[in-house]
Amino acid sequence: MGRPIEFNRDEVLDQALEVFWNTGYTATSVADLVEATSLKPGSLYAAFKSKRGLYMAAIDCYAQRRLDKQVCCFESVDSPLTAIKLYFEQLAADILLDNESKGCFLVNTLLEVAPHDEGIHQKVSSYLRQIEAGLRHMIEKAQKCGEISAEKDPKILSQLLMLGITGLRVLTGTKPDKQDLDRILAQLLSNLTSQ
């Protein structure tokens, strides 16, 4: 019996994620993944069971990075409101750096694959709810320290911000300029503090 091929799982996931992100799930073939990862089909199947299994692992990889980035923003400053603004500033920076107009892998998956695959739909929805929960937690912290009115509904505000995130990530495809993006963000975030 041959020895199993050893490989760096994180590197393989990075390579597969790029292929899926650029091409989409449906248009990506196993041959594309073999070429990108330099692994033989048998090794990919042994590690991830199927193309879908590799895609699910790529979703986990991408989503965890997004969640880690959110936590990093939220823990970097003492003011919860400033932390939320910093998070959106970093989102805007990501959009401006997205020269290939790839958008958000989670949003892309929600639009392309989730309507036809309940397991993927549940996975992506769960990650989006976690991002929303992080925003809601920061809004509630901002209310406790008087940065956001206690009369505002934190659930509605966090849902509004998620709507903004999703819209901004789709807007990436139009290659918005910094000035337009700054104005959109200012208007979106003004909902937190307007009377």
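It should be noted that the structure appears before, not after, this text.
Rules behind the numbers
Residues numbered from 1 in each chain as written. Predicted model: local features only at pLDDT ≥ 70, side-chain atom pairs only at ≥ 80, totals over all residues. Heavy atoms only, no water. Helix = DSSP H or I, 4+ residues; strand = E, 2+ residues; numbered from the N terminus. Buried < 20%, exposed > 50% of the residue type's maximum accessible area, 1.4 Å probe, protein only. Contact = heavy atoms within 4.5 Å. Areas by Shrake-Rupley, 256 points an atom, 1.4 Å probe, with all protein chains shown as cover. Lys, Arg positive; Asp, Glu negative; His and termini not counted. Charge placed at Lys NZ, Arg CZ, Asp CG, Glu CD. Phe/Tyr/Trp six-rings, centres within 6.5 Å; stacked < 30°, edge-to-face > 60°. Polar contact = N/O pair within 3.5 Å; in protein donor to acceptor, adjacent residues only side chain to side chain.

**Looking at the overall build of the chain**
Within the chain, the secondary structure is distributed over nine helices and zero strands. Dimensions of the chain, computed from the C-alpha atoms along their principal axes, are close to 70 × 30 × 30 Å. Among the 195 residues that make up the chain, the fraction classed as buried is 43%. Within the chain, residue pairs in contact and separated by at least 24 positions form 70% of the contacts whose partners lie at least 6 positions apart. About 10800 Å² of surface is accessible on the chain, with carbon and sulfur atoms providing 54% of the total. Counting 22 positive and 26 negative side-chain charges, the chain places the averaged centre of each group 3 Å from the other.

**Examining the packing of aromatic side chains**
For any pair of aromatic rings, the description consists of the separation of the ring centres together with the inter-plane angle of the planes. All chains considered together, the criterion is met by nine aromatic pairs. Both rings, one in tryptophan 21 and one in tyrosine 62, keep their centres 5.1 Å apart while their planes meet at 75 degrees; by these two values the pair is edge-to-face. With tryptophan 21 in helix α1 (residues 9-23) and tyrosine 62 in helix α4 (residues 51-76), the pair connects residues that are 41 residues apart, well separated along the chain. One exposure class covers both tryptophan 21 and tyrosine 62, and it is buried. One aromatic cluster is present, built from ring pairs that chain together Phe20, Trp21, Tyr25, Tyr55, Tyr62 and Phe105.

**A look at the side chain of aspartate 117**
Along the chain, aspartate 117 falls in the loop between α6 (105-112) and α7 (118-144). A polar contact is formed between the side chain of aspartate 117 and the backbone nitrogen of isoleucine 120, at a distance of 3.0 Å.

**Quick look at the environment of leucine 185**
Position of leucine 185 among the secondary structure elements: in helix α9 (residues 178-193). Leucine 185 gets classed as buried once you look at its relative accessible area, which sits at 7%. Separated by 121 residues in the primary sequence, leucine 185 and glutamine 64 place their C-alpha atoms 24 Å from one another. Here leucine 185 is in contact with Phe88, Ala92 and Leu168, once residues within four sequence places are set aside.

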